[in-house]
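In case you want the letters, here they are:
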Amino acid sequence: MLGVFRSKYYAGIERGRESNSAASDRRLLMLMRSLHQERGGLLGDRRRYACLPEQYGESIGQHRVRRLMRLAGFMGVPKKRRRHRRPGRSDRNLPDLLQRDFSATEPHRVWVTDIMELKTGEGKWYLCVIKDLYDGAIAAWKTDTRPPAEWVTSTVEMALVKRPESRGAILHSDHGSQDTSNAYRQCLQRHGLQISMGRVRSCADNASAESVFGQLQRELVRQSQFRTRQEATEKINHYFLNLYNPWRRPPLLSNKPQAIQAYNSREQDVVC
């Protein structure tokens, strides 16, 4: 009447009426729930797929991770689509050395930087970050109530103090007023850094730095409410130190043995 084979029927009774695949799914769901609570519900299917073998030693396909996430009602924080504006003209005196090639074959050779504005209960709060394109880690970041050029140069000097081997590297940015100032140019020239800038009104020319802020918005800013500037700084420091940098998995990291070693033995990041 049920259309079940005799062997399947008795095998099901011996297993307690639960198939091997169902038992495996149930066990994996328990691990994924634990991972979901531990990571604050921020991981999507790709990072969850990468964390399961590393943290629990489970070899599981990405499609199965997606299926189990749908079954449990888990989902990461989705990206928001943006409309692209037509880029303006570039300053011929400030070349674009990257040309949207956000990759690096050696550590501390190519950096990108940008500034983000945050809202708190006490007013505006600005964040400046410097990202190493080799392993995707944030080399240094700094917050302040105002974004003058001296604040950006102090962030650059902060990164160089911790990573002196970066002298001579490329530092790419957009055409912000701080990055086109004389103080910024003199700072890079004094420390032997090569200046590089994308076109005006073209966020894609500095997309690698913009992606940091996009992820920060999804995983921290929209999930929090900063009552004070001090609270915003503490949460940002915690996010970069304990969440962003430790979880970074660049697309080509598996093909770079030196990157893996540098990624695992990276020193304490510079914060302020």
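Residues numbered from 1 in each chain as written. Predicted model: local features only at pLDDT ≥ 70, side-chain atom pairs only at ≥ 80, totals over all residues. Heavy atoms only, no water.

**Quick word on the side chain of His-172**
Thinking step 1. Counting through the fold element by element, His-172 comes out in strand E4 (residues 170–173).
Thinking step 2. His-172 sits in the buried class, given a relative accessible area of 0%.
Thinking step 3. A polar side-chain atom of His-172 sits 2.8 Å from a polar atom in the side chain of Ser-196.
Thinking step 4. The contacts of His-172, once residues within four sequence positions are left out, are Asp-96, Leu-98, Trp-111, Val-112, Thr-113, Ser-196, Met-197, Gly-198, Asp-205 and Asn-206. (Helix = DSSP H or I, 4+ residues; strand = E, 2+ residues; numbered from the N terminus. Buried < 20%, exposed > 50% of the residue type's maximum accessible area, 1.4 Å probe, protein only. Polar contact = N/O pair within 3.5 Å; in protein donor to acceptor, adjacent residues only side chain to side chain. Contact = heavy atoms within 4.5 Å.)

**Some words on the packing of aromatic side chains**
Thinking step 1. Summed over all chains, the structure comprises four aromatic pairs.
Thinking step 2. Seen from their ring centres, Trp-141 and Phe-240 are 4.8 Å apart, and the 50 degrees between their planes marks the pair as tilted. Pair noted here: Trp-141 is in strand E3 (residues 138–144) and Phe-240 is in helix H8 (residues 229–247), with a separation of 99 residues, a long-range link.
Thinking step 3. According to the relative accessible area criterion, Trp-141 is buried, its value standing at 0%.
Thinking step 4. Here Phe-240 falls in the buried class, since its relative accessible area comes to 0%.
Thinking step 5. Members of the aromatic cluster, each reached through a chain of ring pairs, are Trp-141, Tyr-239, Phe-240 and Tyr-244. (Phe/Tyr/Trp six-rings, centres within 6.5 Å; stacked < 30°, edge-to-face > 60°.)

**A closer look at H8**
Thinking step 1. Compared with the 27 Å implied by 1.5 Å per residue over 19 residues, the 26 Å span of H8 between its first and last C-alpha is a close match.
Thinking step 2. At Phe-240, H8 shows its largest bend, some 40 degrees.
Thinking step 3. The complete set of buried residues in H8 reads Glu-231, Ala-232, Thr-233, Ile-236, Asn-237, Tyr-239, Phe-240, Leu-243, Tyr-244, Asn-245 and Trp-247. (Expected span 1.5 Å × (residues − 1). Bend = angle between axes of the 7 residues up to and from the residue.)

**Here we look at helix H7 (residues 207–221)**
Thinking step 1. Counting buried residues in H7 gives 11 out of 15 residues, a clear majority hidden from the surface.
Thinking step 2. Every buried residue of H7 is listed here: Ser-208, Ala-209, Val-212, Phe-213, Gly-214, Gln-215, Leu-216, Arg-218, Glu-219, Leu-220 and Val-221.

**Quick look at the packing of helix H5 (residues 149–162) against helix H6 (residues 182–190)**
Thinking step 1. At their nearest, the axes of H5 and H6 sit 9 Å apart, and the two run at 20 degrees to each other. In this view, H5 runs roughly parallel relative to H6, as classed from their interaxial angle. Where H5 crosses over H6, the two elements pack in a sense that is right-handed. Contacts between H5 and H6 involve Ala-149, Glu-150, Val-152, Thr-153, Val-156 and Glu-157 from the first element and Ala-183, Tyr-184, Cys-187 and Arg-190 from the second.
Thinking step 2. A class-by-class count of the residues in the contact of H5 with H6 yields six nonpolar, one polar and three charged. (Axes fitted to C-alpha atoms, helices over the stretch in contact; angles between N-to-C directions. Parallel < 35°, antiparallel > 145°, perpendicular 65-115°, else oblique. Left-handed = near helix turned anticlockwise from the far one by under 90°. Nonpolar A, V, L, I, M, F, W, Y, C, P; charged D, E, K, R; others polar.)

**A few points about the sheet that holds E3**
Thinking step 1. The strand order across the open sheet formed by five strands is E3-E2-E1-E4-E5, and the pairing between neighbours is mixed. Two strands close off the open sheet at either side, each with one partner strand: E3 and strand E5 (194–197). Going from strand to strand, the sheet's axes swing by 25 degrees on average, the running direction of each strand aside.
Thinking step 2. For strand E2 (residues 123–132) and E3, the ladder comprises six bridges, and the chain directions are antiparallel. Paired with Leu-127 across the two strands is Thr-143, which belongs to E3.
Thinking step 3. Sheet strands in contact with H8 are strand E1 (110–120), E2 and E3, and its direction is about 170 degrees off that of E3. (Pairing = 2+ DSSP bridges.)

**What to know about the nonpolar core**
Thinking step 1. The biggest cluster of nonpolar side chains holds 33 residues, and the ones touching the most others in it are Leu-127 and Phe-240.
Thinking step 2. Broken down by secondary-structure element, the contributors of at least two residues to this core are helix H2 (20–38), helix H3 (45–56), helix H4 (62–72), E1, E2, E3, H7 and H8.
Thinking step 3. Per element, the largest residue contribution to this core is seven residues, and it comes from H8.
Thinking step 4. Residues within four places of Phe-240 in sequence aside, it is in contact with Leu-127, Val-129, Ile-138, Trp-141, Val-212, Asn-245 and Pro-246. (Core = buried A, V, L, I, M, F, W, Y, C linked by side-chain atoms within 4.5 Å.)

**What about a nonpolar patch on the surface?**
Thinking step 1. On the surface, a cluster of nonpolar side chains totalling about 780 Å² of accessible area is made up of Met-1, Leu-2, Val-4, Tyr-9, Tyr-10 and Ile-13.
Thinking step 2. As for its placement among the helices and strands, Tyr-10 is situated in helix H1 (residues 6–14). (Patch = residues over 30% accessible without salt bridge, like charges linked within 9 Å, V, L, I, M, F, W, Y side chains within 5 Å. Areas by Shrake-Rupley, 256 points an atom, 1.4 Å probe, with all protein chains shown as cover. Salt bridge = Lys/Arg side-chain N within 4 Å of Asp/Glu carboxyl O.)

**Concerning unusual backbone geometry**
Thinking step 1. Even without glycine at this site, Arg-100 takes up a positive phi of about 65 degrees.
Thinking step 2. Among the structural elements, Arg-100 can be located in the loop between H4 and E1.
Thinking step 3. For His-108, which is not glycine, the phi dihedral falls at a positive 60 degrees.

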